[in-house]
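Read off the chains here:
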Amino acid sequence: MAKPKTFISWNVNGIRAVLKKGFAEWLQSEDADVLCLQEIKAMEEQVDYDFPGYHQHWYSAEKKGYSGTLILSKVKPKSVSYGLGYPEHDQEGRVITVEY
């Protein structure tokens, strides 16, 4: 399996907001192998974009419009896990662990 080479981490302060500001074009031009997004503030069904060429790993907060993380990766991970195992924290969708 090929290993990812380019990793980008970005606190987007709302995935829907950055999609309106050229995020799709930026994503295509950066061509990152793995993109880790924080504070997406949306659930997958609320986002009208497919992120072509990327495996998607969403972990949205239970509270709509709050926190949440998303990992986009060109390489399919060996494993993906969500949360830390503490329900009081995991409801905020803050931790996704991927293994390559």
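Described in the following lines is the structure provided in the data block. (Residues numbered from 1 in each chain as written. Predicted model: local features only at pLDDT ≥ 70, side-chain atom pairs only at ≥ 80, totals over all residues. Heavy atoms only, no water.)

**Some remarks on the pattern of salt bridges**
Scanning the model with the defined rule gives 3 salt bridges in all. One salt bridge in this structure joins K74 and D31, with 2.1 Å as the shortest N-O distance. Of the two residues, K74 is situated in the loop between strand 4 (69–73) and strand 5 (79–82) and D31 in the loop between helix 2 (23–30) and strand 2 (34–38); the sequence distance between them amounts to 43 residues. For K74, a relative accessible area of 31% gives the class partly exposed. Where E39 meets R94, a salt bridge forms, and the shortest distance between an N and an O atom there is 3.0 Å. With E39 in the loop between strand 2 and strand 3 (55–59) and R94 in the loop between helix 3 (87–90) and strand 6 (96–99), the pair connects residues that are 55 residues apart, well separated along the chain. Among the charged side chains, a salt-bridge network with shared partners connects E39, E92 and R94. (Salt bridge = Lys/Arg side-chain N within 4 Å of Asp/Glu carboxyl O. Helix = DSSP H or I, 4+ residues; strand = E, 2+ residues; numbered from the N terminus. Buried < 20%, exposed > 50% of the residue type's maximum accessible area, 1.4 Å probe, protein only.)

**Observations concerning the packing of aromatic side chains**
Under the definition given, this model contains 7 aromatic pairs. Measuring from ring centre to ring centre gives 4.9 Å for Y49 and F51, while their planes differ by 90 degrees; the resulting arrangement is edge-to-face. A residue is classified by how much of its surface remains accessible, and Y49, at 25% relative accessible area, is partly exposed. Among the aromatic residues, those joined into a cluster by ring pairs are W10, F23, W26, Y49, F51 and W58. In this arrangement the basic side chain of K63 is found over the ring face of Y66, its NZ or CZ atom lying 5.1 Å from the centre. (Phe/Tyr/Trp six-rings, centres within 6.5 Å; stacked < 30°, edge-to-face > 60°. Lys NZ or Arg CZ within 6 Å of the ring centre and 35° of its normal.)

**Some remarks on the environment of F51**
Inspection of the secondary structure assignment puts F51 in the loop between strand 2 and strand 3. F51 gets classed as buried once you look at its relative accessible area, which sits at 1%. For F51 and I15, which are 36 residues apart along the polypeptide, the C-alpha to C-alpha distance reads 12 Å. In contact with F51, other than residues within four places in its own chain, are I15, F23, L27, Q56, W58, L70 and L72. (Contact = heavy atoms within 4.5 Å.)

**Brief notes about helix 2**
Among all positions in helix 2, only F23, A24 and L27 are buried. One side of helix 2 holds all its buried residues, which, seen down the axis, span an arc of 100 degrees. Exposed side of helix 2, more than 90 degrees from the buried face: E25, Q28 and S29 are the residues found there. Close packing links the buried residues of helix 2 with strand 1 (7–11), helix 1 (15–19), strand 2 and strand 4. Among the residues trailing helix 2, D31 stands out with phi positive, at a value near 55 degrees. (Arc of directions from axis to C-beta.)

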